2 protein chains.
Amino acid sequence: MENITLAYYAAGAGALALLFALFTLSSILKEDMGTPKMREISEAVHEGAMAYLNRQYKTLIPFALIIFVLLWGAGYVYKAAPGSHLPVGPASALSFLVGAALSAVAGYIGMTSTTKSNARTAEAARSHGLSKALNVSFRAGAVMGLSVAGLGLLGVSVLYIIFGNPLIINSFAFGASAIAFFARVGGGIYTKAADVGADLVGKVEAGIPEDDPRNPAVIADNVGDNVGDTAGMGADLFESYAATTIAAMLIGNSLFGFPGIIFPLLVGAIGIIAAIIGTFFVRTSEDGNPQAALNVGLWVTNVLTAAGVFFLAKSIFVGDQAAIANGVFMAVLAGLIVNVLVGYLTEMYTGTGKAAVTRIAQASKSGPATNVIHGLAVGMESTFLPMVVFAAAIFFAFWSVNHAAMAGGVPADKAAEWAIYGIAMAAMGMLSSAGMVVAMDSFGPVADNAGGIAEMAELPPEVRVKTDKLDAVGNTTAAIAKGFAIGSAALTALALFSAYVEAVTHKFSQQLGGAKFVVDLTEPMVLVGVFIGGAVPFLVGSQTMRAVGEAAYGMVEEVRRQFREIPGLLEGKPGAKADYARCVDIATRSAISKMIAPGIVAVSAPILVGFILGAKALAGFLGGLTTVGVLLALFLANAGGAWDNAKKWIEQGNLGGKKSDPHKAAVVGDTVGDPCKDTSGPAMNPLIKVAGTISLILGPLLLRL
Amino acid sequence: MENITLAYYAAGAGALALLFALFTLSSILKEDMGTPKMREISEAVHEGAMAYLNRQYKTLIPFALIIFVLLWGAGYVYKAAPGSHLPVGPASALSFLVGAALSAVAGYIGMTSTTKSNARTAEAARSHGLSKALNVSFRAGAVMGLSVAGLGLLGVSVLYIIFGNPLIINSFAFGASAIAFFARVGGGIYTKAADVGADLVGKVEAGIPEDDPRNPAVIADNVGDNVGDTAGMGADLFESYAATTIAAMLIGNSLFGFPGIIFPLLVGAIGIIAAIIGTFFVRTSEDGNPQAALNVGLWVTNVLTAAGVFFLAKSIFVGDQAAIANGVFMAVLAGLIVNVLVGYLTEMYTGTGKAAVTRIAQASKSGPATNVIHGLAVGMESTFLPMVVFAAAIFFAFWSVNHAAMAGGVPADKAAEWAIYGIAMAAMGMLSSAGMVVAMDSFGPVADNAGGIAEMAELPPEVRVKTDKLDAVGNTTAAIAKGFAIGSAALTALALFSAYVEAVTHKFSQQLGGAKFVVDLTEPMVLVGVFIGGAVPFLVGSQTMRAVGEAAYGMVEEVRRQFREIPGLLEGKPGAKADYARCVDIATRSAISKMIAPGIVAVSAPILVGFILGAKALAGFLGGLTTVGVLLALFLANAGGAWDNAKKWIEQGNLGGKKSDPHKAAVVGDTVGDPCKDTSGPAMNPLIKVAGTISLILGPLLLRL
């Protein structure tokens, strides 16, 4: 059953999502932007964000072109055996560029949407109320979410239709990965340099409130919310989406032929249609709970996806393969359940008022040091249960395919081989709801920015109350999306790892005497790889954390300088105006310049290990990198989230409230947590995925086992 | 060549070291203790330390008895096949108790030595000068160092002579491990609760100097230096020593028979004799550099050991095995070189005045948050190069044995098998200098306490100058010893891992069809184990860090209470006396009660994984646990060390010196670093080793692959 029309369906679903996103965007742009002041601020944020994106992508062009040439050129150096393919050559080089370009396009569309919706959300809150404000801000997020999923599915499907082999288009995922790493790191440095700079001088030293127009870093701070949370997260999940789909197609191809290739594409199509339907369920009444509205949207999406995949599996896997249809469905379901559990666990460790968070707040009573110590402890503790959930999902996904196959009469060794597909399917299951999750995540910065605009444009306080309600929900959805991004990165990395093992088995089949490539932890080369791979996330974590420290330091100096040198600025005298553009420029320049070094480590480490130490060491490297990367991602994200909410809990009036000594201590913890949760932690996801996509290209090119 | 007399030589060397230690101790006790005030303080510290040790070991007795009974009883449940042995039964149960008891004995001897030498060191500095002060304090450390190595070698040798099989006496290492974990964690909680409590209220809130007798926590703080650095580190290295020796004997036995067993014992004997000789080279002139004197001692020990092992290898490995003599020597040498490199790297990231440390100090200018961010960054960065060194050592140790064997005409597959012995030999090489390293480490708390006594007993300031000179050296040797403890734990864990794989191969030989047990990272059960194993160090890190936070909080409350309720205490009125005993008691009680939970996790996790998920999952668990445990150990220890020295660098008068704003920020970082470097970080070493020793016992008992 090789029916290529099915791939057109997938491409169609991707195109549909994209059209729906663009249609939604144009409907948002028709909303009222409010007062001239609001419009002015919103435009400053939009311009800052676009300026950053332009500079970021422009900086990456030479880098992308070098890889493009290398991929193309490698096609002349390496020659595929007759009847087989290599992941290099003109088609792969082109796929790489398309992956990188579509990631950038998704970034531009999403960024336009969120930065053009902030004032409109504030205005909706002012003139219409909460319901309309949720509607505008969520639709803005949905534009981003559906662009990410739509472009991802469209790109993979069309390239597959053109080139007909998942191995050739694997560099589509590599292109997406490379961009994602820089977008995550650059965006993360930008957002935190601006945030820390604005807070340290503005709130702590000068004692002016958040989002006060006197603060010269305030626009940069609002831009940062967009380039970090929206563009960074979007690129991250675009990458997961592309990499998982292609890895699943590769594994599926070698195990099941065409059905194994087309199934992941159609799972993606079902997820996208479900997400579009889900967006219509996100509605709230004037005094309703926006969180509940978002949850309804997510559940509708998940349930529709599950139902669709159940029937899809039955109709794709037929004949000899019919045995595994149920198993594959269960694996996809496992991925969907991991979503829910990881979201729940994230909330348990970082939600305002949860035991872990109040413990940090209580520790603030004896000063900043004990606050930080308890925050580190919560972050560390929060890794354990999610890791157990991932481990259980791996086991269950494998087991369910294996079990279904055996029950259907497939011989044991073949069933065990087939079961590898289960892990890729769990990853697909998780990512099938990416459209909805990104929508929920991107809605946060819009609400946050809307609150900032309400403050700066001096709208009545009740407007701020409404946007604050949305902003609080945005913090929760951001935390859930972070857990989602980490979980999907973990499963994506495992899918890539399986595909890499397939590729190496194929490449060295003679040397292996026809046996499978075994990554044996007792072999010294594998151990060497594990040790080096395990250390890389710490190295990249260090580079990114230091980058924020240094960039923030530059911002602090600039804000101090403006307060010192611009007469009347701090006192708020009319006519004294902060030089926002300079702060935006500083954040942009330092983010761009400091994203290079970690990027070089991320891209070159797997290449060096693979070519110098060989295929076994690279396999160990991937194992160590994935395990440690996921752990650090959880640790950093959750510690940061918990510190943030401990501070918020005190600000709600507990332990003496704002300006009390515990609050000052909690502000220190929150500031420490900023680069953890928004720069170094998120950098781990693309780090482990970029290593996977590169290894998958390297696999067939390596010189020795 | 099965000449059991050789084992008597090893036992003799162990006994000699022990006698030398006791002789040295009695010679120290003849030194003058100084003024009655000095004697009084010293005795308070000694009593506090002994009270803690008594309570710690008493608490562990029921725990040890339960394991004793389980090990004995398991001998009835499991029956060894004819001609083979099991690591359970009466002999194993007895070995377990001996291991635990000897660890305790080493703790008591070492603790008596260091706590009885502090006033004597201060008095030596007062009446004789620096040279004599170094002599007393270093001899005190040497007592600990030689007790650890001597008892370790004596215990293993004698048990081997009695029971004749390394598998049976493997629980000697388990006994040492279990005690080490509690000693490390309990000691770590004690020392930091007292330290943080003393600093937060005394130095920060009340503004009185370090070691001021008005501070109620000052005695507890001095006790803490001993129970943490001396007893904890001693137990840690006693464990590494025992576990590595036994793992090497196990692997050696299965590969080479008797020569493979006796060689590690005799390497230990050579190391001990070399260390005894080395101690005589630690001498300094009055205006000399104590660090240089210690370095000479260490180099003499290392060179003598290397020379001795070279000839030993040639005479033990003869006939068929002669080919590997050179390779084995090179592997031991690799271990010795790792010592030097790791010490150098530790200094590079944590030494006062090094770039990494001044960077943290500079970041203190913008407040505590940026100080903490940069400290985290340094800690993360500092993991990378040591991991590369470990990886290189693994590779080189393996390669050198493999290469030597092949060059000597051994067939390739057999040479590869033999090469596993290389990793165990690298671990032995590293640990052969344990006597000297523990001596250098234990000297630190003596010098530190001597300074405290000089302060409290109001000796002339020039005495304090001399003890401060020694104390500064002590900080460096402590840092080197920490690197040593981590490195030896890593290599020990790998040796245990290899031995575990041997044990499982043997146990499931039928099921494996005679093939070797392969720990394949692509199998889901192995991955499940890796994920869970990787998360355990984070969990234990969290538990221990929180324990310090809570214990310190109790101490802070008590010190505040005493300042509030004891009239005239803070003002230093004559007759107003702090209640030191109460602070000692609080530290003791909280350390004992809070060491239980992490202990249960450490011991039960491998048992649960092994019995529920099977041998493959347990192998993955060990791999994940070791990699992540070593990374976290490096991260936490080096971050803490760097924060500490950044503060000290500011105190030397940089950036405004003491009491400046950067100094206040640096104090926050230092306090955060305290539990990192002295509790949670050090807990990682016994954590990974205890999992290894338990797995080695479990291996032959597991129910399924």
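As the structure is a prediction and not an experimental result, all values here were calculated from the model.

**Q** Is there a simple way to explain the interface of chain B and chain A in this structure?
**A** Think of interface size as the accessible area that goes away when the parts come together; that is how it is often given. Taken residue by residue, the interface counts 65 residues in chain B and 65 residues in chain A. For the pair chain B and chain A, the two sides together bury roughly 6300 Å², of which 83% comes from carbon and sulfur. When the area that chain B buries against chain A is broken down by residue, the three leading residues are B:Met380, B:Phe531 and B:Phe538, summing to 13%. At the boundary of chain B with chain A, the tally comes to four salt bridges. Across the pair B:Arg546 and A:Glu381 runs a salt bridge, and its minimum N-O distance is 3.3 Å. Summed over the shared surface of chain B and chain A, the result is twelve residue pairs in polar contact (both at pLDDT 80 or more). For the side of chain B that touches chain A, the secondary-structure elements that each account for two or more residues are helix H11 (368-381), helix H12 (384-407), helix H15 (461-507), helix H16 (524-565), helix H19 (615-651) and helix H20 (661-698) of chain B. In terms of residues, the side of chain B that touches chain A owes the most to one element, H16(B), which gives 20 residues. Within the side of chain B that touches chain A, the residues separate by chemical class into 45 nonpolar, twelve polar and eight charged.

**Q** Any chance you could explain the relation of the copies chain B and chain A here in plain terms?
**A** One chain copy maps onto the other through a rotation about an axis and a shift parallel to that axis. Mapping chain B onto chain A is achieved by rotating through 180° and translating by 0.0 Å along the same axis, at an RMSD of 0.0 Å. Viewed as a symmetry operation, the transformation between the two copies matches a two-fold axis. Among all residues of chain B, the one whose C-alpha sits closest to the rotation axis is B:Asp520, at a distance of 2.3 Å. Both copies share a contact surface, since 100% of the interface residues of chain B are interface residues in chain A too.

**Q** Explanation requested: the environment of A:Thr358 in the structure shown.
**A** Residues and elements named next belong to chain A. With respect to the helices and strands, the residue Thr358 is situated in helix H10 (residues 355-363). The exposure class assigned to Thr358 is buried, which follows from its relative accessible area of 17%. Linking Thr358 and Ala503, residues 145 residues apart in sequence, is a C-alpha distance of 49 Å. Not counting residues up to four positions away in its chain, the partners in contact with Thr358 are Gly353 and Trp649. For Thr358, the side chain forms a polar contact with the main-chain oxygen of Ala355, separated by 3.1 Å.

**Q** In this structure, what is going on with the side chain of B:Ser137? I would like to understand it.
**A** Relative to the helices and strands, B:Ser137 resides in helix H4 (residues 130-163). Discounting chain neighbours no more than four positions away, the residues touching B:Ser137 are B:Thr121, B:Phe443, B:Val446 and B:Leu470.

**Q** So what exactly am I meant to see when it comes to the packing of aromatic side chains here?
**A** The geometry of an aromatic ring pair is captured by the separation of the ring centres together with the interplanar angle, meaning the angle of the planes. Residues and elements named next belong to chain A. Evaluated as defined, the whole model comprises 34 aromatic pairs over all chains. With 6.1 Å between their ring centres and 55° between their planes, Phe172 and Phe238 make a pair best called tilted. Of this pair, Phe172 sits in helix H5 (residues 170-206) while Phe238 sits in helix H6 (residues 218-256), and the two are 66 residues apart along the sequence. Taken individually, Phe172 and Phe238 each receive the classification buried, so the pair is uniform in this respect. Ring plane angle 85° and centroid distance 5.3 Å describe the contact between Phe310 and Phe311, whose orientation is recorded as edge-to-face. Given the relative accessible area of 28%, Phe310 is considered partly exposed.

**Q** Hey, could you run me through the UniProt feature "site: Determinant of potassium dependence" (unreviewed entry) in chain A in this one?
**A** All names here are of chain A. UniProt tags Ala478 as "site: Determinant of potassium dependence" (unreviewed entry). One can find Ala478 in helix H15 (residues 461-507). Residue Ala478 is classed as buried on the basis of its relative accessible area, which comes to 14%.

**Q** I'm lost on the pattern of salt bridges in this one. Help?
**A** For side chains of opposite charge, pairing can occur when their charged atoms come near one another. All names here are of chain A. Counting across every chain of the model gives 65 salt bridges over all chains. Asp211 serves as the salt-bridge partner of Arg464, at 3.5 Å between the closest nitrogen and oxygen. With a gap of 253 residues between them, Arg464 in helix H15 and Asp211 in the loop between H5 and H6 connect regions that are remote in the sequence. Residue Asp211 is classed as buried on the basis of its relative accessible area, which comes to 9%. Note that Asp585 is salt-bridged to Arg589, the shortest N-O span being 3.1 Å. You can see Asp585 and its partner Arg589 sitting in helix H17 (residues 580-594), four residues apart, about one turn around the helix.

Reading guide: rules and limits
- Residues numbered from 1 in each chain as written.
- Chains lettered and ligands numbered in written order.
- Predicted model: local features only at pLDDT ≥ 70, side-chain atom pairs only at ≥ 80, totals over all residues.
- Heavy atoms only, no water.
- Contact = heavy atoms within 4.5 Å.
- Buried area = accessible area lost by both parts, 1.4 Å probe.
- Salt bridge = Lys/Arg side-chain N within 4 Å of Asp/Glu carboxyl O.
- Polar contact = N/O pair within 3.5 Å; in protein donor to acceptor, adjacent residues only side chain to side chain.
- Helix = DSSP H or I, 4+ residues; strand = E, 2+ residues; numbered from the N terminus.
- Nonpolar A, V, L, I, M, F, W, Y, C, P; charged D, E, K, R; others polar.
- Least-squares fit on C-alpha atoms with pLDDT ≥ 70 in both.
- Buried < 20%, exposed > 50% of the residue type's maximum accessible area, 1.4 Å probe, protein only.
- Phe/Tyr/Trp six-rings, centres within 6.5 Å; stacked < 30°, edge-to-face > 60°.
- UniProt positions renumbered as here; feature names shortened; annotations may be inferred.

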